[in-house]
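# Understanding the architecture of this molecule
Below are the chains, spelled out letter by letter.
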Amino acid sequence: MRTATLLAGVALLVACGRDAGPSAAERAARARALANYQTAQAAWRAQRLAELTKPDGWTSLIGLERLEPGVHRVGSGVDNGIRLRMGPPHLGLFTVQQGRVAFRADADVTLNGVPGRGGNVRSDADAGGPDVIGFDAGKGLATVIRRGDTLLLRVRHADADSRLRFTGLQYWPGGRGWQVVARFVPHPAGKTLPIGNIIGVVQDIPNPGAVEFTRDGRAYRIEALDEGEGGLFLVFADRTSGHGSYGAGRFLDAAKPDAKGRVLLDFNRAYNPPCAFTPFATCPLPPPENRLDLRVEAGEKAYRKP
């Protein structure tokens, strides 16, 4: 229903824009559409900022360390094999055997919010999601993530310098003209697309189809990914990448196609991957198919670090 309403609103804006002499009713409708657009964009930007800078948001990352088979002592002290930028001198021991991880605490910690001393630890690839090890009275969080066959320890802290000194988000001018109605072209069931990430791991991601649209008379196509969150996930680069936009590309979320196979692409909501803000993320990179010969002057600009 939300997608259908947005599509109808875009059609109204386009129709009103073509009329050289709109009636009073049409002018009022156009004003309402513009106000609704501005309100929706402001709300999206506010939510985006809040998610990014919350205590456990992407700006709170302070570490990403590979967990090779064996025993790893972790903490902020100099005598640790994996040294944290913040936290207790000795957080504990992580033991990796046959692709599984166990943890034994050497400091006051919680496991999924409950005080404890450790045990087997799930990764983000396991059923139920990752176990969360809390430290520093909950300001610090450690989780195990899996990328392909690689296990990594991801660490966050609410007092991370990258969070406390966050400089804000900047946007291209964009506008209603960057709300594009695209056509969804489905792929055969089960198709995947190899997607490399910034740490050099390649994974086969479900690729349900592509979205096709036109801009200034030219046709463009973006392969869509399905990360199991109920919509389409687009990872793309364009002519602004590295020239005002983040060099490694941007992300765009879209709803699934409607009954007529239409998808609304709102490039005003193109956003930077976590790697634009922290070196401790594992962002997917745009596949060759998704490098557009087009300047998308909408959405987030490159982040200016302090």
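In the block above lies the structure referred to throughout.
The rules behind each value
Residues numbered from 1 in each chain as written. Predicted model: local features only at pLDDT ≥ 70, side-chain atom pairs only at ≥ 80, totals over all residues. Heavy atoms only, no water. Phe/Tyr/Trp six-rings, centres within 6.5 Å; stacked < 30°, edge-to-face > 60°. Helix = DSSP H or I, 4+ residues; strand = E, 2+ residues; numbered from the N terminus. Buried < 20%, exposed > 50% of the residue type's maximum accessible area, 1.4 Å probe, protein only. Lys NZ or Arg CZ within 6 Å of the ring centre and 35° of its normal. Core = buried A, V, L, I, M, F, W, Y, C linked by side-chain atoms within 4.5 Å. Contact = heavy atoms within 4.5 Å. Disulfide = S-S within 2.5 Å. Salt bridge = Lys/Arg side-chain N within 4 Å of Asp/Glu carboxyl O. Pairing = 2+ DSSP bridges. Axes fitted to C-alpha atoms, helices over the stretch in contact; angles between N-to-C directions.

Pairs of aromatic rings are described using the distance from one ring centre to the other and the angle between the two planes. Applying the stated criterion across every chain, the model contains 10 aromatic pairs. A centroid spacing of 5.6 Å and a plane angle of 55° characterise the contact between Phe 213 and Phe 267, whose relative ring orientation is tilted. In this pair, Phe 213 sits in strand β13 (residues 209–215) while Phe 267 sits in the segment after β17 (262–266), placing the two residues 54 residues apart along the sequence. According to the relative accessible area criterion, Phe 267 is buried, its value standing at 0%. When the ring of Phe 233 is compared with that of Phe 251, the centres are 4.9 Å apart and the planes differ by 75°; the resulting orientation is edge-to-face. Of the two residues, Phe 233 sits in strand β15 (residues 232–236) while Phe 251 sits in strand β16 (residues 250–254), which places them 18 residues apart along the sequence. Aromatic rings pair up to connect Trp 178, Phe 213, Tyr 220, Phe 236 and Phe 267 into one cluster. In this structure, Arg 215 packs its charged tip against the face of Trp 178, placed 3.6 Å from the ring centre.

Now for the nonpolar core. Ranked by internal contacts, the top residues of the largest apolar core, which has 24 residues, are Leu 225, Phe 233, Phe 251 and Phe 277. Counting only elements with at least two residues in this core, the list comes to α2 (24–53), β1 (61–66), β11 (192–196) and β15. With residues near it in sequence (within four places) discarded, Phe 251 still touches Phe 233, Leu 234, Val 235, Phe 236, Arg 269, Ala 270, Tyr 271, Pro 273, Pro 274, Cys 283 and Pro 284. Counting 22 residues, the second largest nonpolar core, distinct from the first, contains Ala 182, Val 211, Ala 270 and Leu 292.

Another point: the state of the cysteines. If you walk through the whole model with that rule in mind, you get 1 disulfide. The partner cysteine of Cys 275 in its disulfide is Cys 283, sulfur to sulfur 2.3 Å. As the torsion about the S-S bond is roughly 110°, the Cys 275-Cys 283 disulfide counts as right-handed. As far as the burial class goes, Cys 275 and Cys 283 line up, both buried.

Taken as a whole and judged by the stated rule, the model has 17 salt bridges. The partner of Asp 161 in a salt bridge is Arg 165, and the shortest N-O contact between them spans 3.4 Å. On the accessibility criterion, Arg 165 (44% relative accessible area) is partly exposed. Among the ionic pairs, Arg 218 bridges to Asp 293, the shortest N-O distance being 3.4 Å. In this pair, Arg 218 sits in strand β14 (residues 218–225) while Asp 293 sits in the segment after β17, placing the two residues 75 residues apart along the sequence.

Quick look at unusual backbone geometry now. Although it is not a glycine, Gln 98 sits at a positive phi angle of roughly 50°. By the secondary structure assignment, Gln 98 is in the loop between β4 (92–97) and β5 (100–111). When its relative accessible area of 84% is taken as the criterion, Gln 98 is described as exposed. A positive phi angle, close to 50°, is found at Asp 136, a residue other than glycine. Relative to the assigned elements, Asp 136 resides in the loop between β7 (133–135) and β8 (140–147).

With that out of the way, let us pick up the pairing of β16. Of all 5 residues in β16, 4 are buried, a share of seventy percent or more. Of the strand pairs in this sheet, β15 and β16 are connected by 5 bridges, and their pairing is antiparallel. Opposite Leu 232, over in β16, you have Ala 254 as the bridge partner.

Across the sheet, which stays open at both edges, the 6 strands sit in the order β16-β15-β14-β13-β10-β17 with antiparallel pairing between neighbours. Unpaired on one side and paired on the other, β16 and β17 mark the two borders of the sheet. The average undirected angle you get between the axes of adjacent strands in this sheet is 40°. Here strand β10 (residues 179–186) runs beside β17; their pairing, made up of 5 bridges, is antiparallel. Considered in β17, the bridge of Ala 182 is made with Val 263.

A few words on the pairing of strand β2 (residues 70–75). Across 5 bridges, β2 lies against β4 in antiparallel orientation. Residue pairing in the sheet places Val 74 in a bridge with Gly 92 of β4. Across 2 bridges, the pairing between β2 and strand β3 (residues 82–83) is parallel. Within β3, the residue paired with Gly 75 across the bridge is Arg 83.

It is worth spelling out the environment of Gly 174 at this point. Position of Gly 174 among the secondary structure elements: in the loop between α3 (161–164) and β10. Since its relative accessible area comes to 26%, Gly 174 is described here as partly exposed. Sequence spacing of Gly 174 and Asp 266 is 92 residues, and the spatial spacing of their C-alpha atoms is 9.6 Å. Other than its neighbours up to four places away in sequence, Gly 174 contacts Asn 268, Glu 297 and Ala 298.

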